[in-house]
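Topology and contacts: notes
Here is what each chain is made of, one letter per residue.
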Amino acid sequence: MPTSASTSTSPPVPTHTTVGIIGAGPAGLLLARLLHNAGIDCVVLESRDRAYIEQRQRAGILEQSTVDVLRSAGAGERMDREGLPHDGIELRYDRRSHRIDFPSLTGGRRVMVYAQTEMVKDLVAQQLADCAPLLFASEVTAIEGIEATDGTEGVTGIHGTKAPTPTIHYHHQGRGPTTLTCDYIVGCDGFHGVARNAVPAELRRTYERTYPYSWLGILAQAPPVYDELIYAHSSRGFALASMRSPTVSRLYLQVPGGTDPAGWPDARIWDELDARLATDADPGWKLERGPIVAKSVLPMRSWVVEPMRYGRLLLAGDAAHIVPPTGAKGLNLAVADVVVLARALVQRHATGSTELLDAYSVTCLRRVWRAEHFSYAMTELLHTDPAHSAFEARLQLSQLDRIAHSRHAAAELAENYTGLPIAPPSP
């Protein structure tokens, strides 16, 4: 057995488990936590090491439903202590500003600023503390046997053959080639993982939109100058002022696709952020500047694959769908997927019924497409498209003005931003 800190407290790795989870991102780790709490055994396989997954910068806005799920799963203690509850966002456009108040528009719902890196740390710590199998540096190389339908695994058919057993082949740095058989395999390994490609190409339907711009994102050791997020539309392009803590700011600029971050020195980034976030009401307003400790360019795209289930393989999170980050939906969609999936697996384990499992793809995709639409609409509303005419630019301002002056339009934004219900209810 390896002697690294990340695995030394784990028991011997089983060769069979009820649920094999590929990927130790938020989706895979939360699913493992929900299954562990329900008494269902699982093994999580992650190709990277612990330090890598606990440091990669990703999302930072948690919907109300995500916050509720983490609390109910016993994973919300540090989030409640260190997270930053937000009751709204500020829209800036045409050098004006307008605040969207979430609780008054949604019946009390809000969001929480808590970085994905911190959520991952919390879930990893819980998994290891419970000695639940979590294998780092374990790269999945192939999946097989997923064609079996419920109730057929290990059963001899009329021609004397047995239905295949779902099997994960992986390579662990300390053990070499290894296999894990499962009742179910869940792919939480993202767009570039092996899970989604295990679904036969002729059965996959893919929907995609690529946007002609990207985000230049920075992490700066500088206190936020506003206690909520600022989304800004300007003729110079989109800008977002966000945060990770009271002393760390997370900020974004719209840039052309293919931009090299090296072409944006720190002073240029700060100057451009100030220009795009400026308002006539407070012309002297400036961001608090500080050292930029991380800088990267994030391409913008929308992508969905259907179905999210094939036999004994189920897809969740970025393995099934990607949204542009404008609507803050990516992490939250992954959480919704695994909540629906955990309910279905608990029903299967407790009663033998596959009703919720059979409905998994349809149930999740209904919410996925609403989130895709919201993310698309926010992206189209706030960004400056180089192909847009002056007419289309004026339409953007008209819609922003409607949101600022129509409670109905503001409520539609607030309801989507704070998160739609996760369905169906528990069995």
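A brief look at the structure comes next. Keep in mind that this is a model prediction, so the values were computed, not measured.

1. A short note on the nonpolar core
Core analysis: the largest hydrophobic core is formed by 80 residues, its most contacted members being Ile21, Leu30 and Ile168. The greatest single-element share of this core, amounting to 12 residues, is contributed by helix H8 (residues 330-351). Ignoring sequence-local partners within four residues, the contact set of Leu30 consists of Val69, Leu70, Ala73, Leu123, Val335 and Val338.

2. Concerning the state of the cysteines
For the structure shown, the criterion picks out zero disulfides. Left unpaired, Cys42 is separated from the closest cysteine sulfur, that of Cys182, by 10 Å. A disulfide-free cysteine, Cys364 has its sulfur positioned 11 Å from the sulfur of Cys188, the nearest such atom.

3. Topic: the sheet that holds strand S3 (residues 61-62)
One open sheet accounts for three strands, arranged S3-S7-S4; its pairing is antiparallel. Of all the strands in the sheet, the pair left with one neighbour each is S3 and strand S4 (84-86). In this sheet, strand S7 (residues 111-113) lies alongside S4 in antiparallel orientation, the contact comprising three bridges. Bridged to Leu84 within S7 is Val113.

4. Here we look at the pattern of salt bridges
Side chains bearing opposite charge may pair, as long as their charged atoms lie close to each other. Summed over all chains, the structure comprises 27 salt bridges. Across the salt bridge formed by Arg71 and Asp80, the nearest N and O atoms sit 2.8 Å from each other. Since its relative accessible area comes to 40%, Asp80 is described here as partly exposed. Lys295 is the partner of Asp266 in a salt bridge, and the nearest nitrogen-oxygen pair spans 3.0 Å. Placement of the pair is Asp266 in helix H7 (residues 266-277) and Lys295 in strand S16 (residues 292-306), with a sequence separation of 29 residues.

5. Describing unusual backbone geometry
Following Glu306, the chain continues to Pro307 via a peptide bond in cis, the omega torsion being -5°. With respect to the helices and strands, the residue Pro307 is situated in the loop between S16 and strand S17 (309-310). A positive phi angle, near 50°, is found at Asp94, a position not held by glycine. With respect to the element layout, Asp94 can be found in the loop between strand S5 (88-93) and strand S6 (96-101).

6. Side note on the pairing of strand S2 (residues 42-45)
Burial of S2 is two-sided: the residues Cys42 and Val44 facing one way and the residues Val43 and Leu45 facing the other way are all buried. Taken together, the four bridges between strand S1 (residues 16-22) and S2 define a ladder with parallel strand orientation. Residue pairing across strands places Val19 opposite Cys42, the latter belonging to S2. Crossover handedness for the path S1 to helix H1 (residues 26-37) to S2: right-handed.

7. Overview of helix H3 (residues 64-72)
Since one α-helical turn is 3.6 residues long, residues separated by three or four positions face the same way. Buried residues of H3: Gln64, Ser65, Thr66, Val67, Val69 and Leu70, and no others. A positive backbone phi angle near 80° is found at Gly74, which sits one or two residues after H3.

8. Some remarks on the sheet that holds strand S14 (residues 239-245)
Strand order across the open sheet formed by eight strands is S6-S5-S13-S14-S15-S12-S16-S19, with mixed pairing between neighbours. A single partner strand is all that each edge strand has here, and the edge strands are S6 and strand S19 (321-322). Sitting on the sheet, helix H11 (residues 390-405) touches S5, S6 and strand S13 (229-233), and the angle it makes with S5 is about 140°.

9. What to know about the packing of helix H10 (residues 360-382) against helix H12 (residues 407-418)
Axis separation between H10 and H12 bottoms out at 11 Å; the angle between their running directions is 120°. Comparing their axes, H12 and H10 come out oblique. The element H10 and its partner H12 pack so that their crossing is left-handed. The residues of H12 that touch H10, namely those facing Arg370, Phe374 and Met378, are Leu413, Asn416 and Tyr417. Partitioning the contact of H10 with H12 into residue classes produces four nonpolar, one polar and one charged.

Thresholds, definitions, all that
- Residues numbered from 1 in each chain as written.
- Predicted model: local features only at pLDDT ≥ 70, side-chain atom pairs only at ≥ 80, totals over all residues.
- Heavy atoms only, no water.
- Core = buried A, V, L, I, M, F, W, Y, C linked by side-chain atoms within 4.5 Å.
- Buried < 20%, exposed > 50% of the residue type's maximum accessible area, 1.4 Å probe, protein only.
- Helix = DSSP H or I, 4+ residues; strand = E, 2+ residues; numbered from the N terminus.
- Contact = heavy atoms within 4.5 Å.
- Disulfide = S-S within 2.5 Å.
- Pairing = 2+ DSSP bridges.
- Salt bridge = Lys/Arg side-chain N within 4 Å of Asp/Glu carboxyl O.
- Right-handed = clockwise from strand over helix to strand, strands pointing away.
- Axes fitted to C-alpha atoms, helices over the stretch in contact; angles between N-to-C directions.
- Parallel < 35°, antiparallel > 145°, perpendicular 65-115°, else oblique.
- Left-handed = near helix turned anticlockwise from the far one by under 90°.
- Nonpolar A, V, L, I, M, F, W, Y, C, P; charged D, E, K, R; others polar.

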